[in-house]
Amino acid sequence: QAEDGIRDVERSRGLGDVYKRQVSSLVNTLGKPEAYLLLKDIGKKLLQTISDRLSVALLREGLQDALKVISSLILFYDGVPAKMAYNEKTGILTCEFTNLVSSQYRLAAEKGLDVFPSIWGLVLLGLLDYYELDISRANAVFHPDENKWVIQYRLHRKRLPLTEEEEERLTLQL
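What comes next is a walk through the structure. Everything quoted here is computed from the prediction, not taken from an experiment.

## With respect to the environment of Pro81
Along the chain, Pro81 falls in the loop between helix H3 (63–78) and strand E1 (82–87). Separated by 67 residues in the primary sequence, Pro81 and Lys148 place their C-alpha atoms 9.8 Å from one another. Setting aside chain neighbours within four positions, we find Pro81 in contact with Leu75, Glu96, Phe97, Thr98 and Asn99.

The structure is reproduced here in structure tokens:
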């Protein structure tokens, strides 16, 4: 490992490799459901910190406006033009990344990762949790000729915990 601890010396393709190895290691160690919950918790904490410290209106303006803010932050901090839109009728969130000069985005697209490789991907998980939405990847297409990556997620309302009465009824049915 390099002195700065960021990338391996041999055959590294940059932070995208590090990101993929860390996520893969996390999934292998905890399992995919637990790793997802951990990443979502990190995203919630990041979201709260950003909202508290930067006075960014991620939580006050509604989901569509929050997605626009996150798209702007991705461009500003990662240098990747992003467009995110949620279609409430279909329940599909579309994230489009263009001009993938950032190697970690390109690598993530090529490897088919579920969440885009940025702190903002974690913030998105936290934001969706705030709006009580669960996420699953529906589709992802990388267009190398256009240098564009489009990911579609299916969003659905979280299931509320069962009441004691509902649990008892289920137990009796079994």
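## So, a nonpolar patch on the surface
Taken together, Leu30, Leu38 and Ile42 make up a surface patch of nonpolar side chains, about 220 Å² in accessible area. Residue placement: Leu30 occurs in helix H1 (residues 15–30). What makes Leu30 partly exposed here is its relative accessible area of 38%.

## Concerning the packing of H3 against helix H5 (residues 119–130)
Two numbers describe how H3 lies on H5: the axes approach to 10 Å, and their chain directions differ by 170°. As summarised for this structure, H3 and H5 are arranged roughly antiparallel, according to the angle between their axes. Across the interface between the two elements, Leu63, Ala66, Leu67, Ile70, Leu73, Ile74, Tyr77 and Asp78 of H3 pack against Trp120, Val123, Leu124, Leu127 and Leu128 of H5. Class assignment of the residues belonging to the contact of H3 with H5 gives a composition of twelve nonpolar, no polar and one charged.

## Some remarks on the packing of aromatic side chains
For the structure shown, the criterion picks out four aromatic pairs. Relative to Trp149, the ring of Phe97 has its centre 5.7 Å away and its plane inclined at 40°; by these criteria the two rings are tilted. Of this pair, Phe97 sits in strand E2 (residues 92–98) while Trp149 is found in strand E4 (residues 148–157), placing the two residues 52 residues apart along the sequence. Comparing Phe97 with Trp149 shows no difference in burial state: the two are buried. Taken together, the ring pairs connect Phe76, Tyr77 and Trp120 into an aromatic cluster.

## What about the nonpolar core?
Ranked by internal contacts, the top residues of the largest apolar core, which has 36 residues, are Ile74, Leu93, Phe97, Phe116, Leu124, Leu127 and Trp149. For this core, the secondary structure elements donating two or more residues are helix H2 (32–54), H3, E1, E2, helix H4 (103–111), H5, strand E3 (133–143) and E4. Per-element tally for this core: the top contributor is H5, with seven residues.

## So, the pattern of salt bridges
Throughout the structure, instances matching the rule amount to four salt bridges. The shortest N-O distance in the salt bridge between Lys40 and Asp129 comes to 3.6 Å. Taken as a pair, Lys40 in helix H2 and Asp129 in helix H5 lie far apart in primary sequence, 89 residues in all. Just as Lys40 is buried, Asp129 falls in that class too. Through salt bridges with shared partners, a single ionic network connects Lys40, Asp41, Lys44 and Asp129.

## As for H3
Taking 1.5 Å as the rise per residue, H3 with 16 residues should run 22 Å; its terminal C-alpha atoms sit 21 Å apart, in good agreement. Considered for burial, the residues of H3 that qualify are Leu63, Ala66, Leu67, Ile70, Ser71, Leu73 and Ile74. Down the axis of H3, the buried set is contained in an arc of 165°. They therefore lie on one face. Away from the buried face of H3 by more than 90 degrees, exposed residues Lys68 and Phe76 are located.

## Side note on H5
With twelve residues, H5 ought to run about 16 Å at 1.5 Å a step, and its terminal C-alpha atoms sit 17 Å apart, in line with that. Counting buried residues along H5, ten of its twelve residues qualify, which places the element largely inside the surrounding structure. Buried within H5 we find Trp120, Gly121, Leu122, Val123, Leu124, Leu125, Gly126, Leu127, Leu128 and Asp129. A positive backbone phi angle near 55° is found at Glu132, which sits one or two residues after H5.

What counts and how
- Residue positions within a chain follow its written sequence, with the count starting from 1.
- At least 70 in pLDDT is required for a residue's local features to be given in this predicted model, at least 80 for side-chain atom pairs to be given and counted, and no such filter applies to totals for whole chains, interfaces and linings, which use all residues.
- Excluding hydrogens and water, the side-chain values take into account all heavy atoms of the structure.
- Numbering of helices and strands runs from the N terminus; a helix is a DSSP stretch of H or I covering at least four residues, while a strand is a stretch of E covering at least two.
- Note on contacts: a residue pair is in contact if any heavy atoms of the two residues lie within 4.5 Å.
- A patch consists of residues exposed above 30% relative accessible area that lack any salt bridge, with like charges linked at up to 9 Å and nonpolar side chains (Val, Leu, Ile, Met, Phe, Trp, Tyr) linked at up to 5 Å.
- Where accessible areas are quoted, they stem from the Shrake-Rupley method and a 1.4 Å probe; at the residue level, only the protein chains shown are allowed to cover.
- By convention in these notes, a salt bridge is any Lys or Arg side-chain nitrogen within 4 Å of a carboxyl oxygen on Asp or Glu.
- Note on classification: 1.4 Å probe, protein chains only; a residue is buried when its accessible area is under 20% of the maximum for its type, exposed when over 50%, partly exposed between these limits.
- Angles run from 0 to 180 degrees between N-to-C directions of axes, and those axes are lines fitted to C-alpha atoms, restricted for helices to the stretch in contact.
- For this classification, under 35 degrees means roughly parallel, over 145 means roughly antiparallel, 65 to 115 means roughly perpendicular, and everything else is oblique.
- Any residue that is not Ala, Val, Leu, Ile, Met, Phe, Trp, Tyr, Cys, Pro, Asp, Glu, Lys or Arg is counted as polar, Gly included; the first ten are nonpolar and the last four charged.
- Pairing of aromatic side chains here covers Phe, Tyr and the six-membered ring of Trp, requires ring centres within 6.5 Å, and sorts the geometry by plane angle: under 30 degrees stacked, over 60 edge-to-face, intermediate tilted.
- Residues enter a nonpolar core if they are buried and are Ala, Val, Leu, Ile, Met, Phe, Trp, Tyr or Cys, with the set joined through side-chain atoms within 4.5 Å.
- Here the expected length of a helix is defined as 1.5 Å per residue gap, with one fewer gap than residues.
- Relevant arc is that of directions from the helix axis to the C-beta atoms, nothing else.

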